[in-house]
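Read off the chains here:
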Amino acid sequence: MSSSLKRDPEESLADRRKRLKAHALAHFNSTRAAWADLPPDALRLVVKHAADLAKSSVPVVPTVASVCRAWRDAVLNHPSDLWRRADFSGDFDPNDSVIARYCRGGHWHELEHLDLRDCPRVSDEALNALDGAPALTSLFVSDVDIATRSLAAWSAGPKPKPKPKPKP
């Protein structure tokens, strides 16, 4: 047993609690440095490898981003290289706002494959948001509330942006 953990018979309970709390905090900070202070590039490589092994960035990237501030910053500062394939089929049930948030945030700028099979809460609104995923080459949908005309319009490519009116 560490000498800092031994009980001093003359120590008050409040002092002992303070000492043990300081010891626990010092231990936490020493172990935290082992993984939280890794360079962001190293963390991104680990996350990318985990996503590749899982064959999907979901749930790997969001889970890693919720571990601690350093991991969240590493994932959010360079998200595009982590999002090549997103598979929401199975236990995940995103809605339109989830898809839109990833597209708007630039997370899916490099997304190539998106699987929305068995995602009944996804609708036409999600397809409209996919303009934020210009590298998308494959989209899997089934049991999704998407109109056939919306799917045909999406597969035709992104909508041309309106030209700004010239100033007089």
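Turning to the packing of aromatic side chains, a few remarks are in order. By the definition in use, this model includes 4 aromatic pairs. Relative to W108, the ring of F88 lies with its centre 6.1 Å away and its plane at 55°, an arrangement referred to as tilted. Taken together, the residues span a long stretch of sequence, with F88 in the loop between β1 (85-87) and α5 (96-104) and W108 in the loop between α5 and β2 (113-117) at a distance of 20 residues. The exposure classification of F88 matches that of W108, with both residues buried. Members of the aromatic cluster, each reached through a chain of ring pairs, are W83, F88, Y102 and W108. Note that R101 overlies the ring of Y102, its terminal NZ or CZ placed 5.7 Å from the centroid. A cation sits over an aromatic face here: R117 above F140, 4.9 Å from the ring centre.

Counting 34 residues, the largest nonpolar core has F88, W108, L114 and L130 as the members making the most contacts within it. Looking at this core, the elements with two or more residues in it are α2 (40-54), α3 (60-65), α4 (69-77), α5, β2 and α6 (124-129). For this core, the element with the highest residue contribution is α5, accounting for 5 residues.

The next point concerns the pairing of strand β3 (residues 138-142). Remark: a regular strand shows side chains that alternate across the two faces of the sheet. In this structure, β2 lies alongside β3, joined through 5 bridges in parallel fashion. Residue pairing in the sheet places R117 in a bridge with S142 of β3. With respect to chirality, the unit in which β2 leads through α6 into the neighbouring parallel β3 is right-handed.

Another aspect to go through is the side chain of D115. One can find D115 in strand β2. In this structure, D115 is in contact with A86, D87, F88, S89 and F140, ignoring residues within four places of it in sequence.

The next subject is the environment of D87. Looking at where D87 falls in the secondary structure, it is placed in strand β1. Considering only alpha carbons, one finds D87 and A54, 33 residues apart in sequence, at a separation of 9.6 Å. Apart from residues lying up to four places away in sequence, D87 is in contact with S56, V58, F92 and D115. At 2.5 Å, the side chain of D87 and the side chain of S89 are in polar contact.

Cut-offs and rules
Residues numbered from 1 in each chain as written. Predicted model: local features only at pLDDT ≥ 70, side-chain atom pairs only at ≥ 80, totals over all residues. Heavy atoms only, no water. Phe/Tyr/Trp six-rings, centres within 6.5 Å; stacked < 30°, edge-to-face > 60°. Helix = DSSP H or I, 4+ residues; strand = E, 2+ residues; numbered from the N terminus. Buried < 20%, exposed > 50% of the residue type's maximum accessible area, 1.4 Å probe, protein only. Lys NZ or Arg CZ within 6 Å of the ring centre and 35° of its normal. Core = buried A, V, L, I, M, F, W, Y, C linked by side-chain atoms within 4.5 Å. Pairing = 2+ DSSP bridges. Right-handed = clockwise from strand over helix to strand, strands pointing away. Contact = heavy atoms within 4.5 Å. Polar contact = N/O pair within 3.5 Å; in protein donor to acceptor, adjacent residues only side chain to side chain.

Interpretation note: all reported values are geometric properties and have no functional meaning in isolation.
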